[in-house]
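Overview (structure and organization)
Residue-level listing of the chains:
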Protein chains: 2
Amino acid sequence: MAKTNVSAPSGFPEFSPAQQRVVQKWKRTISEIFEQHGFPMLETPLVERAENFVAKGGNPKEMYVLDRLLREDAVDQEKDQRAIRFDHTVPLALFVARNFNELSFPFRRSVIGPVLRGERAQRGRFRQFDQCDIDVIGSEKLSLANDAQMVAIIAQIFEKLMSEQKFKIKINNRKILTGFFAAFDADPTEFKKILDFVDNLEKTPNAKLAGHPIEFQERILEFVEMSGSADEILGKLKNFSDHELFQTGVAELSEVVQNLRAMGISENLWTIDLRVARGLDYYTGTVFEAIFTEHERIGSLAGGGRYDDLAEVFTGKKLPGVGISIGLTRLLWQLFDAKIISPERASSSDVIVLSRSPEVFSKSLEIGEKIRNAGIPTEVFFEPKKIQKQFDFAKKMGIPCRVIVGDDFVVECDDENLRAMISDLVK
Amino acid sequence: MAKTNVSAPSGFPEFSPAQQRVVQKWKRTISEIFEQHGFPMLETPLVERAENFVAKGGNPKEMYVLDRLLREDAVDQEKDQRAIRFDHTVPLALFVARNFNELSFPFRRSVIGPVLRGERAQRGRFRQFDQCDIDVIGSEKLSLANDAQMVAIIAQIFEKLMSEQKFKIKINNRKILTGFFAAFDADPTEFKKILDFVDNLEKTPNAKLAGHPIEFQERILEFVEMSGSADEILGKLKNFSDHELFQTGVAELSEVVQNLRAMGISENLWTIDLRVARGLDYYTGTVFEAIFTEHERIGSLAGGGRYDDLAEVFTGKKLPGVGISIGLTRLLWQLFDAKIISPERASSSDVIVLSRSPEVFSKSLEIGEKIRNAGIPTEVFFEPKKIQKQFDFAKKMGIPCRVIVGDDFVVECDDENLRAMISDLVK
């Protein structure tokens, strides 16, 4: 046997077959919910010109580019440097720029697929991971009802996939935060640092904000820890500061709340949380993120927000948008790791047909076809092995229903309804 | 406006939103049929160690490897060269090698996703394209019923997706071809050339086989053009040569035919065609490919075959397999180009809710929720635009049903059944 290193490169994860059944279920469900809300799947290339990724803020230190294994002999030399996508938003910006005149706005799309980042590989952080995104892009303007819809969609996804787990979608508006700081004459160049500080408060509650008097920090905390029902918080905010940007943010947040109610989204599922700022620089209005209330250390289940500028650098046009991103690989890896979810059986078959002897094999094939034609995923054990070996295989694969074909046949299922249905089909 | 080149890099295709609706339908249908036959989706990393791809025959001239845009500053230097997958079979071999002791054999998996090849970009040939594959891997042995199942699966896919197009799955066995050449004492080192010659006969029927007397070429043609029903061809083959390998191939082909009949696959859908050899070097038994009988120039719709050795170089174990590959991007690109299929409407919504005035917007949201909760993909037009603009949008997106909300509401559908159902839901 050759001494080859067959291990997967560091940071390129792979789920077990039984875990992948869960991954696929999540992808299918998320995609269905996206499409049910008018966000059809739109796949964009894995690769774009590196200069365009850099123009939209891609980190050159983490960006992968394509090279050839044999550069000199390559069948065709590409002149431009081509980089692999590190998110789905910049490829969307390029797609919109390329197809601007053919698209109708508001333009909606969903995408589920891998992105690559050359980060330092560590436990639970990967270099390749699937992201599930939707975005809606307006031409010049985009109604705040879209922001509420994002919250509604996240709620529906986690109600469907994790009904046994309590989750909460925390909502905020960046204009309230930036307006608050402006009202206190904090240096605008410090905003980012202060937002990062606020963003990290939950992780490090005793941190001090360097370069500011302790009173300033106390007023920030007083502000962001404002709590109560949505109406209570909105009422407090209306009287907290008359700074224009601040009040624009409050008005936007009120409108989002109003739309959430009109959409019938239960107030148990969302809350205003003034600490939510989201890491990314480009959010300019509504921001939100979902957490499991009983497993906060899992971190963000889904997040997103409103941005003013999708693709101005490419199109010269004002294209505001709002979107969601679910870091699926990281999230499922953590949920498996914390045993909050479990792998399913590795097989996709509900039924396996076993043959007591090679003589009945043709009959087994016919029976398999019959059950499968009724829409039930079915496999036939094809190999001429002893019946006990066939049972062992069926058990190891966790297939819940076994049809054993001999002179006659026996239907054996873990579930009585399934057994009755299969027996009916086969007889 | 910045003068940026936003075009997609050459060879990295992107379908229009309306075309992508078709692409997604194909992917979903293919995946469902794969899973119905016991082939669950198993996604393997985009990236593996380059040396392992080369060990399994990857072409170094076309192989893409990862580099960093800023190599010197990269956050973490990878020591090994990591290449991007050029097919799904070699990543499967590595997956099996990594997880050999946890897997049950026969091991089945499906995969649908992009592969990258640095080929010369040209019309209809891409550097990134989706392939839809299944493989079943045996430990030491693998029944020929698996080969028949591959043909059955291809038949079901094209019956479901292209019921209006006649297709045919051509089946052959490489042992018959290699046995035939051995029986005529042709130089074994010439086999590949002769197989390529046979493989290309349809494209260039007047070609001459260099380095062989014309009589030899005539006997080859007489052999490969053998026609008739499966039983007629098998009967002729049994008496054609008593070369051992040749007769092993004939026996295998007979067994595949027998299994196809037991599976109930109509003989209109497949045929024995001794010209089919398949390009790839590693096929050793059954080979097959599907074509549209009225659009032969579209080329192979799906193809595949049996191989003796999946991963011996990695595992030291004999792992025979049989698989299918559908080059989905290339196929759909050609079908669109030849107008054999058409784009669908760009939207995923069956219903759009329009508002005659901002005052009724909350009511529109409620109505939208009601219809969507009944499982019908529904969007609400959120922007405060004139009703005519809303109609224009609905029309451009091709959404077949419009609910217009004013003091009362009107349901307007392209389809009367849908109209009745929606009216019922909303009232």
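Further up the page is the structure itself.
Take the packing of aromatic side chains next. For the structure shown, the criterion picks out 36 aromatic pairs over all chains. Taking the centre distance of 6.1 Å and the plane angle of 50 degrees together, the rings of F158 of chain B and F167 of chain B count as tilted. Just as F158 of chain B is buried, F167 of chain B falls in that class too. The rings of F180, F181, F223, F240 and F246 of chain A are connected pair by pair, giving a single aromatic cluster. In this structure, K317 of chain A is placed above the aromatic ring of F100 of chain A, and the distance from its NZ or CZ to the ring centre is 4.7 Å.

Glancing now at the relation of the copies chain B and chain A. Comparison of the two chain copies shows a relationship of rotation about an axis with a shift along it. Under the fitted operation, chain B is carried onto chain A by 0.0 Å of movement along the axis and a turn of 180 degrees, and the coordinates agree to an RMSD of 0.0 Å. This pairing of chains is accounted for by a two-fold axis. Of the C-alpha atoms belonging to chain B, the one lying closest to the rotation axis is found on L66 of chain B, 2.6 Å away. The overlap is high: 100% of the interface residues of chain B also sit at the interface in chain A, so the same surface is used on both sides.

Here the focus is the interface of chain B and chain A. With 111 residues of chain B in contact, the opposing surface of chain A contributes 111 residues. Both sides of the chain B and chain A interface together cover about 9,400 Å² of buried area, and 54% of this is carbon and sulfur. On the chain B side of the contact with chain A, Q36, L69 and F382 of chain B bury the most area, a combined 8% of that side's loss. Viewed at the interface, chain A and chain B are joined by 10 salt bridges. Between R98 of chain A and E14 of chain B there is a salt bridge; the shortest N-O distance is 2.6 Å. When residues in the side of chain B that touches chain A are grouped by element, the largest group, eight residues, is from helix α1 (residues 17-36) of chain B. Of the residues in the side of chain B that touches chain A, the class split is 54 nonpolar, 27 polar and 30 charged. Alignment of strand β2 (residues 64-68) of chain A against strand β2 (residues 64-68) of chain B, held across five bridges, turns out to be antiparallel. Bridge pairing in β2 of chain B places L66 of chain A opposite L66 of chain B.

The rules behind the values
- Residues numbered from 1 in each chain as written.
- Chains lettered and ligands numbered in written order.
- Predicted model: local features only at pLDDT ≥ 70, side-chain atom pairs only at ≥ 80, totals over all residues.
- Heavy atoms only, no water.
- Phe/Tyr/Trp six-rings, centres within 6.5 Å; stacked < 30°, edge-to-face > 60°.
- Buried < 20%, exposed > 50% of the residue type's maximum accessible area, 1.4 Å probe, protein only.
- Lys NZ or Arg CZ within 6 Å of the ring centre and 35° of its normal.
- Least-squares fit on C-alpha atoms with pLDDT ≥ 70 in both.
- Contact = heavy atoms within 4.5 Å.
- Buried area = accessible area lost by both parts, 1.4 Å probe.
- Salt bridge = Lys/Arg side-chain N within 4 Å of Asp/Glu carboxyl O.
- Helix = DSSP H or I, 4+ residues; strand = E, 2+ residues; numbered from the N terminus.
- Nonpolar A, V, L, I, M, F, W, Y, C, P; charged D, E, K, R; others polar.
- Pairing = 2+ DSSP bridges.

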